[in-house]
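Structural description and commentary
Below, each chain spelled out in residue letters.
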Amino acid sequence: MAGTEQMGEPLFILKNEDKYTNTTEVKMSQFILPCHANHCGDLNVGQLLKWMDTTACLSAERHANCPCVTVSMDDIDFEHRLSVGQVVNIKAKVNRAFNTSLEVGIIITSEDPLSGKQWKVCNAFATFVAKGQGSGKVQLKPVIPQTSDEQIEYSIAAERRRMRLHHLETIKDLISSSTIQKGPDLEESQYVVPAEKTRVETVELVLPPHANHRSNTFGGQIMAWMESAATISARRFCKGHPVLKTIDMFHFRGPSQVGDRITLKAIVNNAFKDSFEVGVCAEAYHQESWDRKTHINSAFMTFIVLDKDGKLSMLPCVNPEPGEGERRYREASARKKMRLDRKYIISCKQTEVPLSVPWDPSNQVYLSYNNISALKVLAAKQNWVLNCIQSKAKLFTLEEDQLLFFKAEMSASANVKQVFALLSDMSRRHEWDIHYQKFKLIQKVDEDDVIYHVISPSVNKDSNFQDFVLLASRRVPCANGDPYLIALRSVSLPAAPPTKGLDRGEVSCAGFTLCQDGDAGTKITYYIQVTPQVLPYITRDITGLSSDLCKIIEACNEFLEKNKDTIHLVI
Ligand code: COA
Ligand code: ADP
């Protein structure tokens, strides 16, 4: 999961003219020595994970004011290798505290001390839980973001948390609905490695240096042991020099303590043309009952193999074991598809994401995340210019990097929950929006996401009507003070191909934020990133050539007034 760029944040000056520093920010710089590297001189990723965990944990503890343990580390995609002689810089800060857990954003850069060159290695998000004395839960104080970057990370952290908490379920659903059934094509491939030959089983004893002062094993230590087991398995498979490219989310299901034995089991699950997946599972045998083990973590790591010229090497084929091995083989294919989708949607900067992303069940979670986070980034933009006031609504524009954004602010005399229920029901938008002439639901994806088709009349009399295929994602607030959100973006899918006689329009980011305003009022803000197809609708109104927007705003107010009492609030 990628966040907004955190490097090179502008200075933020406080009212008393002091430079603002985030008190949770922790920095670590390490010189990479041969003892941190493998035989090829590359930094051991396990060592890096330990440093990341140490830095992030201190950041979490600065906010929590008590010891914290690692609950999860989101997917990591390594963009560069790190070698002996370079300096690795790790920067961590708390983005948001929830109830007992908090999210820490981590950014890793590498530096060549001789040339002074710096480059980004990866960014990551770790979640920690505060552990007070005894078994009681620790309610954390909220984070109060100060800079616009902090505000954006704070806002999107809620969306990342939602993905994390649904991660296991999502993966299970996708894997169970996956249609990839085919086993390896053994005849065509040159080399076949039986999966069994890559199996690794090893054990570690948790000693005091692996744990904090309360004897809880550091998450970074467990991740490092898992990475080490996975790398041995990878080496057995490719007989070359495997390079770790991505790690799927680590989730610490249960704790371990000094004195526990940690068993690590790894095996190659599947090999693709130029990458392969190793799965690794960590279990703890606790001192008090050696016959009982607890599953503490499982991870999936993708490796590539580079030849001596740094080019990707072709890989052998893996022959999975019957039963469990075949299941893991298929599941690894499904995970590979999800990784590619995720990379395409999430790692792209907002402006690089193509307008209509192809929708399918395996990228739904990321598209929904992208839809909501794009709206949050848009809502956090500053320097809007007030253009005019129509029907008591304020219309603003913002020009930035050759992009045009539009926002309209208005008030409604209905409770925010009623407004949310009414405006997020896309099948009713035609009741107040003249641009929604014909609506068709294409797919109800889940409780919060729908895909629909809408036909809009053209602004020019002689042109074709336009149609849009939109994904609408809605969210209730994660905490008091957060807005209700309804985000819209174009998607494409085979069930709604472009039709003759209609011009297919596209929306990259649009939607509503709704905030309670007084006892029974709601502040509604509508945002849209203007695309060529929606430009005429907006500019005609803000330049006074049309009063369509004015009509829509009035109709929206009437619609809310007329229907608000049909929505029964569950308090
Ligand atoms: N990713 C991120 N956060 C998660 C999560 C996940 N996969 N699963 C749970 N959480 C968060 C919850 O949202 C909750 O946060 P909140 O209070 O801010 O809403 C918090 O963890 C506690 O969750 P809860 O459901 O109350 O407890 P649980 O029964 O799931 O247990 C732990 C959570 C963290 C206490 C338990 O999983 C644990 O002890 N894990 C091991 C932690 C550890 O020792 N790590 C070091 C290496 S072994
Ligand atoms: P799953 O089997 O559903 O993938 P697990 O949590 O049981 O999930 O295991 C995670 C991964 O760890 C597996 O995909 C596999 O690659 C590896 N693994 C699990 N058990 C073993 C084992 N006994 N030997 C070697 N590797 C194992």
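Residues numbered from 1 in each chain as written. Chains lettered and ligands numbered in written order. Predicted model: local features only at pLDDT ≥ 70, side-chain atom pairs only at ≥ 80, totals over all residues. Heavy atoms only, no water.

Observations concerning the site of ligand 1
Test applied: We call a residue near a molecule or strand when any one of its heavy atoms sits within 4 Å of it. Pairing of N or O atoms within 3.5 Å defines a polar contact, subject to two protein rules: one partner must be a possible hydrogen donor and the other a possible acceptor, and residues neighboring in sequence count only if both atoms are side-chain atoms. The Shrake-Rupley method, run with a 1.4 Å probe sphere, supplies the accessible areas, and residue values consider only the shown protein chains as cover. Put simply, DSSP H or I for four residues or longer makes a helix, DSSP E for two residues or longer makes a strand, and each gets a number counted from the N terminus.
If you check the shell around ligand 1, you find 23 residues, and the closest are N99, T100, S101, K137 and R161. Note that a nitrogen atom of ligand 1 is positioned 3.3 Å from one of the side-chain N or O atoms of S72. R253 places a main-chain nitrogen or oxygen 3.1 Å from an oxygen atom of ligand 1. Within the complex, the protein chains bury 77% of what would otherwise be the 940 Å² of accessible surface of ligand 1. Counting residues per element, the ones that place at least two in the shell around ligand 1 are β2 (68-73), β6 (118-130) and α2 (148-177). Looking at the shell around ligand 1 element by element, the count peaks at four residues for β2.

Section: the pattern of salt bridges
Just so we agree on the cut-off: One speaks of a salt bridge when a side-chain nitrogen belonging to Lys or Arg is within 4 Å of a carboxyl oxygen belonging to Asp or Glu.
Using the criterion set out here, one finds 30 salt bridges in the structure. With its nearest N and O atoms 2.8 Å apart, the salt bridge here joins E321 to R199. You can see E321 sitting in the loop between β14 (317-319) and α4 (324-346) and its partner R199 sitting in the loop between β7 (192-194) and β8 (200-205), a full 122 residues away along the chain. Where salt bridges share partners, they join D74, E103, E153, R160 and R164 into one cluster.

What about the sheet that holds strand β11 (residues 261-271)?
Put simply, the rule is: Pairing between strands requires that DSSP locate at least two bridges from one strand to the other. The contact rule is simple, with two residues in contact once any of their heavy atoms fall within 4.5 Å. In this analysis an axis means a line fitted to C-alpha atoms, helices contributing only their contacting stretch, and an angle means the value between N-to-C directions, from 0 to 180 degrees.
The sheet built from six strands is open, its strands ordered β3-β9-β13-β12-β11-β8 with antiparallel pairing. The sheet terminates laterally at β3 (76-77) and β8, the two strands that pair on one side only. Of the strand pairs in this sheet, β8 and β11 are connected by six bridges, and their pairing is antiparallel. Each bridged residue has a counterpart across the sheet, and for L205 the counterpart in β11 is R261. This element, helix α3 (residues 219-238), spans β8, β9 (242-247), β11, β12 (276-285) and β13 (293-305) of the sheet and lies at about 40° to β11.

So, helix α1 (residues 45-64)
The following threshold applies: One less than the number of residues in a helix, times 1.5 Å, gives the span that helix is expected to have. Burial classification: accessible surface area is computed with a 1.4 Å probe over protein chains only, and a residue below 20% of its type maximum counts as buried, one above 50% as exposed, and the rest as partly exposed.
Helix length check: α1 (20 residues) gives 28 Å between terminal C-alpha atoms against 28 Å at 1.5 Å per residue, within 8%. With 15 of 20 residues buried, α1 lies mostly within the body of the structure.

What to know about empty space enclosed by the protein
To find the voids left in a structure, one rolls a probe of water-molecule size over its atoms. This is how the line gets drawn: A pocket, in this scheme, is an open set of points on a 1 Å grid over the protein atoms alone with protein on both sides within 12 Å along at least 5 of 7 lines, while a cavity is a set where a 1.4 Å probe fits but cannot get out; residues line either one if an atom lies within 4 Å of a point. Grid points are joined across faces, edges and corners, and a volume is the space filled by probe spheres set on the points. Gly is put with the polar residues, along with every residue not named as nonpolar or charged; the nonpolar set is Ala, Val, Leu, Ile, Met, Phe, Trp, Tyr, Cys and Pro, and the charged set is Asp, Glu, Lys and Arg.
If you walk through the whole model with that rule in mind, you get five cavities of 30 Å³ or more. If you trace the largest cavity, you find 26 residues lining it, with R429, D433, H435, Y526 and I552 closest to the centre. Those elements that place two or more of their residues in the lining of the largest cavity are β18 (403-412), β20 (449-456), β21 (465-475), β24 (510-517), β25 (521-529), α7 (535-542) and α8 (548-563). Ranked by residue count, the leading element in the lining of the largest cavity is α8, at four residues. Of the residues in the lining of the largest cavity, the class split is 22 nonpolar, two polar and two charged.

Looking at the site of ligand 2
Spelled out, the test is: Assignment of a molecule to a cavity or pocket requires that more than half of its atoms lie within 2 Å of the corresponding grid points.
In the vicinity of ligand 2 there are 13 residues, among which R199, N269, S298, R327 and R328 approach most closely. One of the side-chain nitrogen or oxygen atoms of R327 is found 2.9 Å away from an oxygen atom of ligand 2. Measuring from an oxygen atom of ligand 2, one finds a side-chain N or O atom of R328 at 2.8 Å. When isolated, ligand 2 has an accessible area of 520 Å², and the protein chains bury 80% of it. With respect to the pocket detection grid, ligand 2 is positioned in the second largest pocket. Elements with a minimum of two residues in the shell around ligand 2: β11, β12, β13 and α4. The element that contributes the greatest number of residues to the shell around ligand 2 is β11, accounting for four residues. For the shell around ligand 2, the residue count by class is five nonpolar, four polar and four charged.

A look at the sheet that holds β2
Across the sheet, which stays open at both edges, the six strands sit in the order β1-β4-β5-β6-β2-β10 with antiparallel pairing between neighbours. Strand pairing shows two members of the sheet lacking a second neighbour, β1 (26-31) and β10 (250-251), which therefore form its edges. Note that β2 and β10 share two bridges and pair antiparallel. Residue pairing for β10: S72 is matched across the bridge by H251. Along the sheet face, α1 touches β1, β2, β4 (87-97), β5 (101-111), β6 and β10 and points at about 35° away from the line of β4. Lying over the sheet, α2 contacts β2, β4, β5 and β6, oriented at roughly 80° with respect to β4.

Some remarks on unusual backbone geometry
Of note in the backbone geometry, N65 takes a positive phi value of approximately 65° without being a glycine. Along the chain, N65 falls in the loop between α1 and β2. Note on N65: relative accessible area 70%, which makes it exposed. Positive phi outside glycine occurs at S215, with the angle close to 75°. Within the secondary structure, S215 sits in the loop between β8 and α3.

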